[in-house]
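# Working through the structure, step by step
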Amino acid sequence: MDNSLHYLIMANQMLVQKALLDKLKDTGLTIGQPKILDYLKDHDGSSQKDIAKGCFIEAGSLTTITRQMLNGNRRSFHIFMTEEGRKKQQLIDELFNEIEKNALQNISGEEFDMFMTVYKKIYHNLQNELTSKESANE
């Protein structure tokens, strides 16, 4: 096993994805839908552009969401969860909690807090780098 940061981030993400995919197999959800439903949980009614940015994906439509124009603006659709989407989002919350519980076995609260502090700093550093590159290209 490679102990580099990039490898461990990639490997952990793949392990979470595999665990989630295994738990989703009888729900009718695809592997890409949980992150969108998770985002919409706190941002229902967001524009496709905001969802794509928040989930690091291309904008698209799903069966668990509905697109609506707001204020007659035809250039911007806003995405709302359907009732089915809300039910599946609650299931996703339960599945993520189960995966996280398994992932955090034998890790103290103090270790977890320290890890999250560092991990958030890594995220912000990478986000700042990406933002500055995007600004330079505009």
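Rules used in this analysis
- Residues numbered from 1 in each chain as written.
- Predicted model: local features only at pLDDT ≥ 70, side-chain atom pairs only at ≥ 80, totals over all residues.
- Heavy atoms only, no water.
- Salt bridge = Lys/Arg side-chain N within 4 Å of Asp/Glu carboxyl O.
- Helix = DSSP H or I, 4+ residues; strand = E, 2+ residues; numbered from the N terminus.
- Buried < 20%, exposed > 50% of the residue type's maximum accessible area, 1.4 Å probe, protein only.
- pLDDT = per-residue confidence, 0-100.
- Expected span 1.5 Å × (residues − 1).
- Arc of directions from axis to C-beta.
- Contact = heavy atoms within 4.5 Å.

## Section: the pattern of salt bridges
- Tallying each qualifying case throughout the model produces seven salt bridges.
- Measuring nitrogen to oxygen at the nearest pair gives 3.2 Å for the salt bridge that ties Lys41 to Asp93. With a gap of 52 residues between them, Lys41 in helix 2 (residues 33-43) and Asp93 in helix 4 (residues 83-103) connect regions that are remote in the sequence.
- Accessibility expressed as a relative area gives 37% for Lys41, which makes it partly exposed.

## Quick look at the confidence of the model for the protein
- Overall, the prediction assigns the protein a mean pLDDT of 86, with 86% of residues at 70 or greater.
- Taken element by element, the protein is modelled with least confidence in strand 2 (residues 65-69), mean pLDDT 61, and with most confidence in helix 4, mean pLDDT 94.

## Remarks on helix 4
- Its 21 residues give helix 4 an end-to-end C-alpha distance of 30 Å, which sits within 8% of 30 Å, the value for a rise of 1.5 Å per residue.
- Restricting attention to buried positions, one finds in helix 4 the residues Gly85, Lys88, Gln89, Ile92, Leu95 and Ile99. Angular distribution of buried residues about the axis of helix 4 spans 125 degrees; they occupy a single face of the element. Away from the buried face of helix 4 by more than 90 degrees, exposed residues Lys87, Gln90, Glu94 and Lys101 are located.
- Tucked into the core, helix 4 has its buried residues touching helix 1 (5-24), helix 2 and strand 3 (77-81).

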